[in-house]
Amino acid sequence: MAALAWLLIPLVVAVIAGLWGSWANRTRKARGDGPELDGYARFRAAMEKPSPRA
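Being a predicted model, the structure only gives us computed values, none of them experimental.

Caption draft 1: Structural view of the overall build of the chain. Across its full length, the chain holds 2 helices and 0 strands. For the chain, whose C-alpha radius of gyration is 26 Å, the value lies well above the compact-globule estimate of 10 Å for 54 residues. Averaged over its 8 positive side-chain charges, the chain has a centre that lies 7 Å from the centre of its 4 negative ones.

Shown next as structure tokens:
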């Protein structure tokens, strides 16, 4: 019986890992690139300004 318990432990862990993996890899609602592109545009605008010393 003890050997059966030692064989069931990896099996249960593998099932739990499979469930977690499928949950972690689920498709999520796409957010789009809007916020990232807006931030990049602000960054570029800030970098293109001439420095006050020049």
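Caption draft 2: The packing of aromatic side chains, seen in detail. The full count for this structure, using the stated rule, is 0 aromatic pairs. Lying over the aromatic face of W23, R26 brings its terminal NZ or CZ to 4.3 Å of the ring centre.

Caption draft 3: Region of interest: the pattern of salt bridges. This structure, assessed with the given rule, holds 1 salt bridge. The partner of E48 in a salt bridge is R44, with the nearest N and O atoms 3.3 Å apart. Separated by 4 residues within a single helix, E48 and R44 lie in helix α2 (residues 34-48), roughly one turn from each other. Among the residues examined, R44 registers a relative accessible area of 41% and is labelled partly exposed.

Caption draft 4: Local environment of the environment of L8. With respect to the secondary-structure elements, L8 resides in helix α1 (residues 2-24). Taking relative accessible area as the criterion, L8 reaches 41% and is therefore assigned partly exposed. Along the backbone, L8 and R42 are 34 residues apart, and their C-alpha atoms lie at a distance of 56 Å.

Caption draft 5: Quick look at a nonpolar patch on the surface. Together, M1, L4, L8, L11, V12, V15, I16 and L19 make up a nonpolar patch on the protein surface, roughly 840 Å² of accessible area in all. Positionally, V15 belongs in helix α1. On the basis of relative accessible area, V15 is assigned to the partly exposed category, the value being 49%.

What counts and how
- Residues numbered from 1 in each chain as written.
- Predicted model: local features only at pLDDT ≥ 70, side-chain atom pairs only at ≥ 80, totals over all residues.
- Heavy atoms only, no water.
- Helix = DSSP H or I, 4+ residues; strand = E, 2+ residues; numbered from the N terminus.
- Rg over C-alpha atoms; globule rule 2.2 N^0.38 Å.
- Lys, Arg positive; Asp, Glu negative; His and termini not counted.
- Charge placed at Lys NZ, Arg CZ, Asp CG, Glu CD.
- Phe/Tyr/Trp six-rings, centres within 6.5 Å; stacked < 30°, edge-to-face > 60°.
- Lys NZ or Arg CZ within 6 Å of the ring centre and 35° of its normal.
- Salt bridge = Lys/Arg side-chain N within 4 Å of Asp/Glu carboxyl O.
- Buried < 20%, exposed > 50% of the residue type's maximum accessible area, 1.4 Å probe, protein only.
- Patch = residues over 30% accessible without salt bridge, like charges linked within 9 Å, V, L, I, M, F, W, Y side chains within 5 Å.
- Areas by Shrake-Rupley, 256 points an atom, 1.4 Å probe, with all protein chains shown as cover.

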